[in-house]
Every structure is written in C-alpha cells, then in structure tokens.
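# Survey of secondary and tertiary structure
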Protein chains: 4
Amino acid sequence: MAQEKSGVFIKSRLEAFSDGIFAIIITLLVLEIRVPHIENGKSIEELLSALLNLLPKILSWIISFFTICVIWVNHHRLFKMYREITHGLFWWNAFLLLWVSFIPFPTALMGDYSNNFLAVFVYGMVMGMMALSFSLMRFYVNRNIYVLNETVDANVFKKGAWISVIMGPLPYFSGALLSMVHPYISFAIYLFIPIYFIFPHATKD
Amino acid sequence: MAQEKSGVFIKSRLEAFSDGIFAIIITLLVLEIRVPHIENGKSIEELLSALLNLLPKILSWIISFFTICVIWVNHHRLFKMYREITHGLFWWNAFLLLWVSFIPFPTALMGDYSNNFLAVFVYGMVMGMMALSFSLMRFYVNRNIYVLNETVDANVFKKGAWISVIMGPLPYFSGALLSMVHPYISFAIYLFIPIYFIFPHATKD
Amino acid sequence: MAQEKSGVFIKSRLEAFSDGIFAIIITLLVLEIRVPHIENGKSIEELLSALLNLLPKILSWIISFFTICVIWVNHHRLFKMYREITHGLFWWNAFLLLWVSFIPFPTALMGDYSNNFLAVFVYGMVMGMMALSFSLMRFYVNRNIYVLNETVDANVFKKGAWISVIMGPLPYFSGALLSMVHPYISFAIYLFIPIYFIFPHATKD
Amino acid sequence: MAQEKSGVFIKSRLEAFSDGIFAIIITLLVLEIRVPHIENGKSIEELLSALLNLLPKILSWIISFFTICVIWVNHHRLFKMYREITHGLFWWNAFLLLWVSFIPFPTALMGDYSNNFLAVFVYGMVMGMMALSFSLMRFYVNRNIYVLNETVDANVFKKGAWISVIMGPLPYFSGALLSMVHPYISFAIYLFIPIYFIFPHATKD
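First, a word on scope: everything that follows refers to the structure included in this document. Here the structure is a predicted model, which is why all the values come from computation and not from measurement.

## Details of the side chain of D:T107
Residue and element names in this part refer to chain D. Its place among the elements puts T107 in helix α5 (residues 104-112). Take T107: its relative accessible area is 9%, and that puts it in the buried class. Ignoring anything within four residues of it in the chain, the contact list for T107 reads L29, S60, S64 and Y123.

## Quick word on helix α5 (residues 104-112) of chain B
Taken across its nine residues, α5(B) has seven buried, putting it largely inside the fold. Every buried residue belonging to α5(B) is among B:P104, B:F105, B:P106, B:T107, B:A108, B:L109 and B:M110, and all of these are buried.

## Quick look at the relation of the copies chain A and chain B
Overlaying chain A with chain B gives an RMSD of 0.0 Å, the required rotation being 90° about an axis along which the chain moves by 0.0 Å. As the rotation angle and translation indicate, the two copies are arranged about a four-fold axis. When C-alpha positions in chain A are compared against the rotation axis, the closest is assigned to A:G20, at 4.6 Å. In this assembly the copies use different faces: only 2% of the residues contributing to the interface of chain A also contribute to that of chain B.

## Some remarks on the interface of chain B and chain C
Between chain B and chain C, the contact holds 58 residues from the first and 42 residues from the second. Of the roughly 4500 Å² buried between chain B and chain C, counting both surfaces, carbon and sulfur atoms make up 72%. Where chain B packs against chain C, one counts two salt bridges. B:D19 is the partner of C:R13 in a salt bridge, and the nearest nitrogen-oxygen pair spans 2.6 Å. Applying the counting criterion to the chain B and chain C interface returns eight residue pairs in polar contact (both at pLDDT 80 or more). Broken down by secondary-structure element, the contributors of at least two residues to the side of chain B that touches chain C are α1 (11-28), α2 (44-53), α3 (55-81), α6 (117-143), α7 (154-167) and α9 (183-204) of chain B.

## A short note on the arrangement of the chains
No interface is formed between chain A and chain C, the nearest pair of C-alpha atoms being 9 Å apart. The two units chain B and chain D are non-contacting; their minimal C-alpha-C-alpha distance is 9 Å.

## Some points on the interface of chain A and chain B
Where the parts come together, the accessible area they lose is often given as the size of the interface. Facing the 58 residues of chain A at the interface are 42 residues of chain B. In total, chain A and chain B occlude about 4500 Å² of area from one another, counting both sides; carbon and sulfur atoms represent 72% of this. Linking chain A with chain B are two salt bridges. Note that A:E15 and B:R13 form a salt bridge whose closest N and O atoms lie 3.7 Å from each other. The interface formed by chain A and chain B holds eight residue pairs in polar contact (both at pLDDT 80 or more) in total. Contributions of two or more residues to the side of chain A that touches chain B are made by α1 (11-28), α2 (44-53), α3 (55-81), α6 (117-143), α7 (154-167) and α9 (183-204) of chain A. For the side of chain A that touches chain B, the element with the highest residue contribution is α3(A), accounting for 17 residues. A per-class count over the side of chain A that touches chain B returns 38 nonpolar, 11 polar and nine charged.

## A word on the relation of the copies chain B and chain C
Once turned by 90° and shifted 0.0 Å along the axis, chain B lies on chain C with an RMSD of 0.0 Å. When the interface residues of chain B are mapped onto chain C, a mere 2% of them again fall at the interface, so the copies present different faces.

## Considerations on the nonpolar core
Counting residues in hydrophobic clusters, the biggest one holds 290 residues, and the most contacted among them are A:Y82, B:Y82, C:Y82 and D:Y82. Top contributing element to this core by residue count: α6(A), with 15 residues. Setting aside anything within four residues of it in sequence, one finds A:Y82 in contact with A:K11, A:L89, A:M137, A:V141, A:V147, A:L148, A:N149 and A:F157.

## Side note on the environment of D:F197
All names here are of chain D. In this structure, F197 sits in helix α9 (residues 183-204). The class of F197 is buried, set by a relative accessible area of 4%. Separated by 170 residues in sequence, F197 and T27 place their C-alpha atoms 21 Å apart.

## Topic: the packing of aromatic side chains
Aromatic ring pairs are reported here in terms of the distance separating the ring centres and the angle at which the planes meet. One pass over the full model with this rule turns up 80 aromatic pairs over all chains. Between B:Y172 and B:Y190 the ring centres are 6.2 Å apart and the planes differ by 35°, which places this aromatic pair in the tilted class. Here B:Y172 is found in helix α8 (residues 169-178), whereas its partner B:Y190 is found in helix α9, with 18 residues between them in sequence. Each of the two residues, B:Y172 as well as B:Y190, counts as buried. Here the aromatic residues A:F9, A:F17, A:F90, A:W91, A:F102, A:F105, D:W61, D:F65, D:F66 and D:W72 are joined through ring pairs into a cluster of three or more. A cation sits over an aromatic face here: B:R138 above B:F157, 4.5 Å from the ring centre.

Parameters and conventions
Residues numbered from 1 in each chain as written. Chains lettered and ligands numbered in written order. Predicted model: local features only at pLDDT ≥ 70, side-chain atom pairs only at ≥ 80, totals over all residues. Heavy atoms only, no water. Helix = DSSP H or I, 4+ residues; strand = E, 2+ residues; numbered from the N terminus. Buried < 20%, exposed > 50% of the residue type's maximum accessible area, 1.4 Å probe, protein only. Contact = heavy atoms within 4.5 Å. Least-squares fit on C-alpha atoms with pLDDT ≥ 70 in both. Buried area = accessible area lost by both parts, 1.4 Å probe. Salt bridge = Lys/Arg side-chain N within 4 Å of Asp/Glu carboxyl O. Polar contact = N/O pair within 3.5 Å; in protein donor to acceptor, adjacent residues only side chain to side chain. Nonpolar A, V, L, I, M, F, W, Y, C, P; charged D, E, K, R; others polar. Core = buried A, V, L, I, M, F, W, Y, C linked by side-chain atoms within 4.5 Å. Phe/Tyr/Trp six-rings, centres within 6.5 Å; stacked < 30°, edge-to-face > 60°. Lys NZ or Arg CZ within 6 Å of the ring centre and 35° of its normal.

Here it is as structure tokens:
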C-alpha cells in the first residue's frame, strides 16, 4: 500500500466519506430499540406496558440522534472554513470519526445499565473524547493556519479552539465525573448539551 | 463543540447526508424478513408453507419501501425549491429525519402484532408525525420565504403547506384512529397513501 | 405529503440515492457469513473443517457480490444516457431498487436450503424480476425517447431493450425453472451470468 | 442486463460507490463489540471486569478502523491520478472492494479465536489479498498508462507498483506465515502496518 507523495486530499471526497459514516451511525442507533415480546399478542394492556418500558431507551436514542446532528453541524462548519485537506487534517478527522463510530457501544451500555455509575461514566468519557478530538483538530489548524480559507478571520478561529474546549469536552468530562454523585445528574448534562446547540439557531432565523 | 456564526449550510452536503439516511433506512427494512427455519430442509411443501406465512411481512415491507420512496420524492422537491439552508431549516429537516429513522421500529411492531390495535395505532401515529414534520418544515419556510428560489411562486408554495397537512398527517392520524374500529381499515389507508402518490406521476409522463 | 408539480428530478441526487442502496446491499451480504462456533478454540483441525463448511456460503456471497457490481455497471450506463429524470423513470427505477433491496433474502434462503428446489427457484425468480425491471425501465424510455441524451442513437437504444430481455430475465427465469431438473444446473447458470458480463470488458481494455 | 458499448465510467460515481462501501464497512465493525451481560446490573466491579475483557476486541477494532482509513487514503490517491475509468479499472477496483467487504469476517474470526494459528493466519491472508489487489490494479494501469492524468510522472508511477508489493502484500503474507511461530508476532505486524502509514504524514505537515 505504497502512497505517492502527491499533495493534499480532495475535500469533497473526504466530506462524503465522513457524511457516510455520520449517516450510518445515526441510523444504526435505532436498531437497539427492539420490538418487545409479549405473551398474549392481542392484549392491548400488555403491549402498552411493554412499550412504556421502552421509553428510557427511546429517550436515550433521541439524545444520541440530536447529538450526532450537532456533530454533523460542527463538522460541516469547520470543513467549510478549510481551503485544503492536509495529511494532518485527514488523520485528526479520522481520530474524530473513530470516536463517532464508537458511539453505538456506550449508548447501548448506558441504555442497559442506566443505574450503574460505570456505564454512565463511560458514555460521558467517550462523548468527551469525541468533543476533544474536535478541539484537537482545531489546535492542529491553529498551528497550520494556511489550511483556512481567506475569508476566515484567523484570530477569531484561533480563539474558537479554546472556546470549543470549554463548550465540548469540559461539560462531558464533568458529566462523567458527576455520575459518581448520581447518574441522573449526568443524564441531565448529556441531554442539555445538544439542546443548547439546537435552540439558539432554531429561534434566531 | 463551539460553532462559528458563519452563515448558512451548503445545500448539497445536507442533501447527501439526508439521502444517506433515506438509503440506509430503506435497505435496513429488508433485514426484518428472516429466512424461515424448517425441520426437513429438503421438503418443498414445508418450505412453501413457511414462505407463504411470510407474505404479510413482505407486503408490509413493500408498503414501507414505497412510502420511503414517496418521502424521498417530497424531500427532493422541497429542497429543489430552497435557495439556501438556514439553521432553522436544518433543524426542521433533522426533526423529519428523526421520524424517518424511527420507521423500522413501528414497521416491525405492526408486522409482529398486526391484530393488535395498539401496534397498528403506533404505526399510523409515527407516519403521521413524519408527514407532519414535512408540513412544519413548510410552515417554517412560509415564515422565512426568502429561503425559496426566485423561480418559485411564493403564493403557490404557501398554499401548498396547508394542502400538505390534508394530504399527509390527516390521513395517517385518521388511519391510526380507525384502527380502533378494525386494524384492516388502517392497513388499507396506510397502503393507499403511497399508491396515491405513485400512480398519477407514472401515468402522466 | 403534497407534491409540487415542478418538473423533473435532479439526476445526480437520484444516482447518489441509488448508489447508496447498491453500496449498502453489497455490504450487508457479508453479514450472512458468521464466524463458526467450535468446541476447542485452540484446535486447528476443528476450525479448518468449520471454515471449509463455509465455502458454499462464501461462494454464494462472491456470486452475489459480482452480480450487484454488474447491476451497478448497467445502472450507471443507462443513467449516463438519460438527459432528464421524469416521474415515470423515477418509479421504474424505484421498482428496480425494490428487487435489488430484496436480494439478501433469496441469497440467504438459497444458502440455507441449497438442495431444496423451491429455494433455488425463488433466487432465480427474484434475480429474473430484478433483470426484468431493467428491461421495463428501457421500454419506458423507448416510449419516451426524449429522455435520452442527443449523443445516444435512439435506434440502437431501442433494439438494446429487446436484447436486455434475452440477456437478463430469460436466463434467470430459465435457471429458476431448470432447478426442477437439478439445483446445480441453476447454480451454474446463476454463476455464469455475472461472469459473462465481467470478462469481455476485463480483457478488452 | 445488456450493456451498451459506450466508453468509460464517470469517475465521481465510482468514487462515491467505493466511498459508500468503505464508510459502511468501517461502521459495521463496531457492531461486533457487544454490551457484556452481567448478573448484578448495579455492580461496578462486575461491569469493570466485563469491560476489561473486551479490551482485546476494542484493540482489534481500532486496528481495523485505521487499516480501512489507510485503504481509503490509498484509494483516494490512486483515483486522483486516473484520468478515466476503463472497464478493466472498474473490475480491478471491484476485486479490491470484494476483499475490503470481506474484512468484517476475518476481524471477527481473529477476535474470537486470537490464540488459534489458523484464525490469525486467515486474517493476514485476507489483508494480504486486499493489499495485493491494490498492486494488481496498479499493474493494470502500468499496462494501460493512458488512464493516468498528464500531471502524473508515468515512470514514478510504474516504479510505485513494485514498491506497493513490498509495502502491502509482502508484510501481510509474512505476518500470516509468522503466526505459525506465535500469533502475537502476527498481531504486532498487523498493528504496525497502519501505524507506519499514519505517522509520517501526521508529523510531516
């Protein structure tokens, strides 16, 4: 698998590859919600109580769905500012995609053991690492500022990298640690993070 | 995950992301139809009766397949009329994709408990919410008419939003409620809706 | 889900949607080949005999893989000749995609019951319907010849529709019927069809 | 399925089809890591030991993830150099995609029987065949040098085909054979190959 030393990547192909991964991960999540098995298939009461038992799983699916939408928005905004894709940028993006691809595992883990500190902790750590890899990609760009489009203000972008640490990894890692106090505090934090990113924009337009 | 305040989305990337989700959901549906297990693998009669038992599942798969095709057609037509993708439009589209991604669950539920009012009711409610999210996206555009291409007649578009409520959510929610009378009335309605959208066009050309 | 009456489809988006379905179906097929369970995990002989038992499944997967590649080539060649996508063309394409999406089911059925006439018959019938839907799409174009690019010779194209019936549905339906004589005759036919389409081109260039 | 003899393939559609397969394979791999079942759902110790047992599976997933990223990089670089896609190039690419699509099987096999020489041997052989198909595609281009862009130095490209044999299939086949000595030697080789391709680039920029 020898590689020619022939410059940079075609941005649109990397975006399509990344979008494919985002679309598949967001879709695979629903496969975790399985049709419940009930004894008497015609009993409405039995099916109703079985469906109500699924509500926590459905809630966690909704959280993950909108979280991946927020990831997509972030990815889209960053890549819109890039002029070219260097090898470094490719591999920092691959590092991000590694964590995104892993999301189905901690989601299912937290869904099955929602009262277990460790499961809730792992979910926050994985999401924190995913958010951190966004920040690491930004710090790489800060050190290689020529990858930005000319229309982007480099100083604003550089400051944004630091803000991204405060807005992403910090709340997730804090949420992970607070699961030691009570798992529900972590749930509230994990739920609040995507909501925060959705609503300002929905109202602004 | 800080987000730069740098304007609108690139339409083609959002279309590709949405198309990816549509293609994956339409393909995952077939995984619900499993190869039957028969005792005597060489018995043609046994395999024939096992395959005939699958006919309702295959019928429900066909309904869902063409329903998602109709969704794709609608999505494609709406996005062809948009000039730019605002944050509001992105999140209303995400709300639509949430319901589309959920379709495999009510499809499997109705397949397993086709005689249970609640299963048939849930299917209609999910499809109704999916159709309603198309209408909600349209009403958002009605309030932000600048997102439309100049070639689109804004008055025709605005009226179309109201027609979309009558053509989409209304029949699905009615179908869901009529499952209280008999599930087969609902089946007929769920089957008729995609057929209605397919045939006028197939004959017109 | 009201639809605006605003003309034709954007070809590239329909191609991307179709390609997504082809890529997902070709990839899902491998999930049917499961890791065998052996008693003594360290026994090389036991694992070897378990892997040799998988050879028929692996062969059937290879047949299906290259068949879908041939489908992709055909789809690509036809769409390259189209100037615009009408509603009729969209729905004939959707009919083709319905049969393509169904391929994992008859593949698994034939893999599990390879000595059962009915399983081998069903595989050939589904592949025959898939091939027939290519021909039906072509006959639609024959009746609506304006959808072709100006560079395409309409007379050659029209004759090609008849040839496509002889090259696609006919051998598959014949193979399905010959499974009554012996399933292995059908296997040979199903295997020969994609090989026929691959080798002329591989050698010609 | 008659095929018109109308020249070459549209490069972007073949790239999109290939990227779809890469994105799906890289995402399906995570489905192999299943949430462990523990008796006492609230026991942190029990869940911790169950998660630690998954570490080898997670490590093998990480190796496969970055290996497919390296495959994507290679594929992208080669296709950037092609001016047109001939039938021969299409089918050599299909041969490569066959081996890429197969990766989930040897990955799961090696994950389940990591101490069995045969499982570790099969993994290396499949990866070696995948790497060899890159070389075979290059030798095809060497014999049909007109498919290259004018900006590519044909002599450098031709030499690169031989280097690709030394860098790809050779280490994988050697790793497969060395599993006879000890499986861990093979693991180290399989791990080292993607790392070798990642780090020069990450540091260079």
